[in-house]
Every structure is written in C-alpha cells, then in structure tokens.
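The residues making up each chain are set out below.
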Amino acid sequence: MLNLAELEGFDWDEGNVQKSQVKHHLSLAETEQLFFSTPEILADEKHSRQEKRWLAFGRTDEGKLISCAFTIRGKLIRVISARPMSWSERKWYEQRHPIR
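Reading the values: rules and limits
Residues numbered from 1 in each chain as written. Predicted model: local features only at pLDDT ≥ 70, side-chain atom pairs only at ≥ 80, totals over all residues. Heavy atoms only, no water. Phe/Tyr/Trp six-rings, centres within 6.5 Å; stacked < 30°, edge-to-face > 60°. Helix = DSSP H or I, 4+ residues; strand = E, 2+ residues; numbered from the N terminus. Lys NZ or Arg CZ within 6 Å of the ring centre and 35° of its normal. Buried < 20%, exposed > 50% of the residue type's maximum accessible area, 1.4 Å probe, protein only.

(A) The arrangement of the packing of aromatic side chains in detail. Under the counting rule described, the total for this entry stands at five aromatic pairs. Plain terms: the ring middles of Phe10 and Phe36 are 6.4 Å apart, the flat faces sit at 65° to each other, and that makes the pair edge-to-face. Here the residue Phe10 occupies a position in strand 1 (residues 9-11), and Phe36 occupies one in the loop between helix 2 (28-34) and strand 2 (40-43), the gap between them amounting to 26 residues. Site record: aromatic cluster; members linked through ring pairs are Phe10, Trp12, Phe35, Phe36 and Phe70. A cation over an aromatic ring shows up here: Lys52 above the ring of Trp54, its NZ or CZ 5.0 Å from the ring centre.

Written as structure tokens, this is what we have:
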C-alpha cells in the first residue's frame, strides 16, 4: 500500500506539465491539490511494467474532479498524466465520496 505521508513533494516533467495545462486545462497547483484531499489511490497494474504506477482520483480545492497517473521516484510524486475524470470515473468516485 502506498503511504502519501512518507513523500516529500513533486517531480514535474516539462512535457507532462504542458499536456496537463494545454490539453486538459489543469494547473500544477490543481494537480497537487488532488494529493492533499484524501484521494482514492489504486495500483495501475496495466501500466506497471518498468516501474510501479498508481492512479489517484480526487477533488481540487475548487471541487474539480480529476484523475492522475503517477509513479514514485525516491520520495517524490512524478506525475505522468492528469486530466478531468471520465464519466464512469466520476460516477464511481461520487458514490464513494458524496458531496455533503
């Protein structure tokens, strides 16, 4: 199991930053907020061939529902991709985390 409390920050790849900002309209800050809002984290077995990958699902401070593929390098979160949740992801997440 992954323990986010043991991690110390983020390791950003310029190409992934541009993709998240331009294609998906998500800022670095919004993506980082996901990890501080008690996200649902699942192992991404399908894409974990060379290194262990994870999927995080959660809300930004402003309530955007986003998903993020990432890996851990040392004690840093290395974001691979961040985007708005798909319809099916949103439905699954909202069942587990209803807005009160």
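And the narrative resumes.
(B) Just unusual backbone geometry, in detail. Of note in the backbone geometry, Thr38 takes a positive phi value of approximately 55° without being a glycine. The topology assignment puts Thr38 in the loop between helix 2 and strand 2. On the basis of relative accessibility, which here comes to 64%, the residue Thr38 falls in the exposed class.

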